[in-house]
Structures are given as C-alpha cells and as structure tokens.
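Structure at a glance
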Amino acid sequence: MAATRVSPLRRRCAGLLGGLLAATGARGVALPEDIAEAMAHVYNGGGVTASGPAVLVRKSIADKVSLTGLGYVDIVSNASIDVVTTASPFKETRTALGLGVNYAERDTLMTLVLARSKEPDYTADSVNVDLAQDVFGGMTTVSLGFTRGADQVSKHNDASFHETATHWRYRLGATQILSPNWLMTANAEVMSDEGYLGSPYRVALVFGAAVPERVPSTRSSRAVQLRAIGDLGERNVVRGTYRYFWDNWGISAHTAELGYGRYFGDNWLGDVFVRYHAQQGATFFSNNATADTAYVTRNRQLSTFNDAALGSSVSYTAAKVPGSYAVTLNGGVELVRFNYSEFTDIRSGKLYSFDAVLGQLWVSVTF
C-alpha cells in the first residue's frame, strides 16, 4: 500500500512501532508479558538517511490490566529525488509517543492505544480500540478494531498554510489453531481518508511545466491478509503472508512474504525472510501529463512500481532466570530494491530505482 505522504522509512518505522503497541490482539485473553525494550535504528536509501532510538515499556497491574508506553525519534536528513529536483535538502527530527492499556476479562481482551507523532510541519494523532474474543475453547480468536486519526498539516516558511486530514480504519480478523503445529490468521481492513491528502511541497509536470500536485480530498481503501505459521519440529518454524490492497484511486497492490526461523542451542535464534511487493499506480498519476486534468500527481509512491526485500535477524539470550527475568540481545538488517515503471529522474530521463538498507539493534528484558 502506498501512502500519499509517507516515505518508505516512515512506513517501516510506523509498522514496527504500531506492531509493538498493538501486538496484544493475537494474545487472546492472556495479558502480554511485562517487557522493557530499547532499540536503535538506521535507514539509508534514495537520498534519505534517518536514525534514532525507540523505547517500549509494558507492565501488568494485578491480573487484568497492563500498561504500555512507547516513544521513538527519527533524525532525518532528506535529499530524496523529490527534494533534490524541486527543492533543497533538509534535516528535521520526528518524534512519536504512544500509550496503551490492555484489559482482560474472562475470554475477552480489550486494548486502547493513544498515539501522537510530530515533525516540524506535520502532526498526527490517533486513537485505536481493539477487542479480541476467544471462542470454541480457545481454538479460535476473533478480533475487531477501530482507529480514528487526525492530522494537522503546515508548510515551512508559510504561516498562512494550514490543512487537516481525518482517517478511519475498521478491522476484522480471526486466528485459528489448525493443529498442534500450525496456526493461521485472516484479517480484513476498511480504510477511509478525508481532507488534505497530498503534500504542500510536491509538484507535478503538465506539458513539462511544474504545477502543484492535485489529489482527491477523499480516499476509500480495502485490504485483506492471510498468514500461516508452522512448527516443522527440530526447533524450526516457517511462516508465509499474503496481502492484497485496493482503493478508489485505481491503486492495487500485492505483497507476499516467506520467512524461516530456527533455534541454535538454548540461546540463539536466527530468522531470514524474503518479501516482494508489486503495485499498480493511481489513475491520475502521470510522469509528465499531456492534459490538464482535475487531479494530477507525480508522487512516485502513487505510481506503478515493485520492490523486493531480503532480511535477517538474530537474537541471543544473554541471561535468563525462569519465572523471573530474561535478557535478550537482538540485531536485524533488511535490504530493499525499489524499481519504478513510470516515474523517471528528470535529470537523466531514465526510469528511477534505488537500493535501501534498514538496520536495527535492540535489547529486550522480560520480567
């Protein structure tokens, strides 16, 4: 799925941090474990470099409630192709804070998450509510969720510019234990966006002349995802995921991922994965429009493109006292190749492509 204003880095960081906050949905009625994590990450690709820390702390209260707090910082140096061809490179700091509450009652787990991310010209607030219900003796977990987001958009060196956008997300999912060794999940999501969905800095080309991009003020999207996890024995685990996305802007996208994990001895866990993503672009995307239409954009994230990723991670249990605490050291790296089928580098006229790398180091303490 391509977002109108979100870079590949922000999608990955948001996915990681959102997953840390919302991971409770698959736990059924059991509260998530008490944990403290600290992470450092760095991304480099397409002229963008970003790095910073992230911290997560989760603690249960009695047997029914747990609290989660999370914060991260991105220190960004941006000289992407959009920036260097239409503006000047810049540096900025992005921050995000989140607070989550989980409440367990019999076969039901309820989750509330409040989050805010802020950068110099963009502020995003969201409220997430999720409910997970165990049925059929705990063999099946059904989940429902809702997110309401509100964005405030401004522009550097233009105090008069101020726009807003609102976002709604509705989720439905099910997790099924197929056998002692296999687990499957199915999820569906309906998304609706309204307001200012473009960028005040981005331009389009019409007959070779630069004009401000024009995108619709509403967007309706759908997504479905299937995932299977299997225990092959001998401490080997495999997983596969497929996701299909489509919207009323004409965008459709397929994403497939395969992963394999294995324990080595009592302290080491290794994981590798491959992922492929292919997107059909929006109907109003044009590399250089030959007609002046109501909507036009040259946002490469709304164009036709594909990317392929190869990643791996390793975890080492440095200390462990059963029933008391465990300390795990972790590291991961992901290599991604982006290829665009319509978007060109106007400096050379060639189709654009680039490589990116994302690295992470983090320590986890369960207690």
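Bear in mind that the values here come from a model prediction, so they are computed numbers and not experimental data. (Residues numbered from 1 in each chain as written. Predicted model: local features only at pLDDT ≥ 70, side-chain atom pairs only at ≥ 80, totals over all residues. Heavy atoms only, no water.)

1. Quick notes on the environment of Ala253
Note on placement: Ala253 falls in strand E14 (residues 252–264). You can call Ala253 buried: its relative accessible area is 1%. Along the chain, Ala253 and Thr175 lie 78 residues apart, while their C-alpha atoms are 24 Å from each other. (Helix = DSSP H or I, 4+ residues; strand = E, 2+ residues; numbered from the N terminus. Buried < 20%, exposed > 50% of the residue type's maximum accessible area, 1.4 Å probe, protein only.)

2. As for the side chain of His41
Tracing the backbone through its elements, the reader meets His41 in strand E1 (residues 35–45). On the basis of relative accessibility, which here comes to 5%, the residue His41 falls in the buried class. At 2.5 Å, the side chain of His41 forms a polar contact with the side chain of Asp74. (Polar contact = N/O pair within 3.5 Å; in protein donor to acceptor, adjacent residues only side chain to side chain.)

3. Considering the pairing of E1
Of the two faces of E1, only one is covered, namely that formed by Ile35, Glu37, Met39, His41, Tyr43 and Gly45; the face formed by Ala36, Ala38, Ala40, Val42 and Asn44 stays uncovered. Across 11 bridges, the pairing between E1 and strand E18 (residues 350–366) is antiparallel. For Met39, the partnering residue across the bridge sits in E18 and is Trp362. Across 11 bridges, the pairing between E1 and strand E2 (residues 48–61) is antiparallel. Across the sheet, Ile35 pairs through a bridge with Arg58, a residue of E2. In textbook terms, the turn of a hairpin is the stretch between consecutive antiparallel strands, and for E1 and E2 this stretch comprises two residues, one of which, Gly46, has a positive phi near 60°. (Pairing = 2+ DSSP bridges.)

4. Description of the nonpolar core
Counting residues in each nonpolar core, the largest one holds 16 residues, and the members touching the most others are Tyr43, Phe338, Tyr340, Phe343, Tyr352, Phe354 and Ala356. Contributing elements (two or more residues each) for this core: E2, strand E16 (305–321), strand E17 (325–345) and E18. With residues up to four places along the chain from it excluded, the contact list for Tyr340 reads Arg300, Ser303, Thr304, Phe305, Leu351, Tyr352, Ser353 and Phe354. (Core = buried A, V, L, I, M, F, W, Y, C linked by side-chain atoms within 4.5 Å. Contact = heavy atoms within 4.5 Å.)

5. Description of unusual backbone geometry
Apart from glycine, the bulk of residues carry a negative phi angle, and the bulk of peptide bonds sit in the trans form. Backbone geometry at Arg106 places phi at a positive 55°, although glycine is not the residue there. By secondary structure assignment, the location of Arg106 is in the loop between strand E4 (90–105) and strand E5 (108–119). Accessibility expressed as a relative area gives 75% for Arg106, which makes it exposed. The residue Phe136 is not glycine, and still its phi comes out positive at about 55°. With respect to the helices, strands and loops of the structure, Phe136 is situated in the loop between strand E6 (122–135) and strand E7 (140–154).

6. Digging into the packing of aromatic side chains
Scanning all chains against the criterion turns up 12 aromatic pairs. Seen from their ring centres, Tyr244 and Trp246 are 5.1 Å apart, and the 20° between their planes marks the pair as stacked. Overall, the relative accessible area of 34% leaves Trp246 in the partly exposed class. Relative to Phe284, the ring of Trp249 lies with its centre 5.3 Å away and its plane at 70°, an arrangement referred to as edge-to-face. Pair noted here: Trp249 is in the loop between strand E13 (236–247) and E14 and Phe284 is in the loop between strand E15 (268–280) and E16, with a separation of 35 residues, a long-range link. Residue class for Trp249 comes out buried when judged on its relative accessible area of 2%. Three or more aromatic residues link up through ring pairs in this structure, and these residues are Phe305, Phe338, Tyr340, Phe343, Tyr352 and Phe354. For Arg219, the ring lying beneath its charged end belongs to Trp249, and the centroid distance is 4.5 Å. Over the ring of Phe264 we find Arg262, and its NZ or CZ is 5.4 Å from the ring centre. (Phe/Tyr/Trp six-rings, centres within 6.5 Å; stacked < 30°, edge-to-face > 60°. Lys NZ or Arg CZ within 6 Å of the ring centre and 35° of its normal.)

7. A word on the pattern of salt bridges
One pass over the full model with this rule turns up 18 salt bridges. A salt bridge links Arg235 to Asp266; the nearest nitrogen and oxygen atoms lie 3.9 Å apart. A residue pair is termed long-range when its members are at least 10 positions apart, and Arg235 in the loop between strand E12 (218–233) and E13 and Asp266 in the loop between E14 and E15 qualify at 31 residues. Under the relative-accessibility criterion, Arg235 is labelled partly exposed at 40%. With a closest N to O distance of 2.5 Å, Glu334 and Arg275 form a salt bridge. One end of the pair, Glu334, is in strand E17; the other, Arg275, is in strand E15, with 59 residues separating them in the sequence. Like Arg275, Glu334 is buried. Via salt bridges that share partners, Arg239, Glu257, Asp271, Arg275 and Glu334 belong to a single interconnected network. (Salt bridge = Lys/Arg side-chain N within 4 Å of Asp/Glu carboxyl O.)

8. Considering a nonpolar patch on the surface
Side chains of Tyr103, Met110, Leu131, Val142, Leu144 and Leu172 sit close together on the surface and give an oily, nonpolar patch of about 470 Å² of accessible area. Considering the arrangement of structural elements, one finds Leu144 in strand E7. In this structure Leu144 comes out as partly exposed when scored by relative accessible area, which is 48%. (Patch = residues over 30% accessible without salt bridge, like charges linked within 9 Å, V, L, I, M, F, W, Y side chains within 5 Å. Areas by Shrake-Rupley, 256 points an atom, 1.4 Å probe, with all protein chains shown as cover.)

9. Side note on the pairing of strand E9 (residues 182–195)
Here strand E8 (residues 162–179) runs beside E9; their pairing, made up of 14 bridges, is antiparallel. Pairing of Gly173 across the sheet is with Asn187, part of E9. Sheet topology places E9 next to E12; 13 bridges connect them, and they run antiparallel. What sits directly across from Leu183, in E12, is Ile229.

In short, the description is geometric, and any link to function would need to be established separately.
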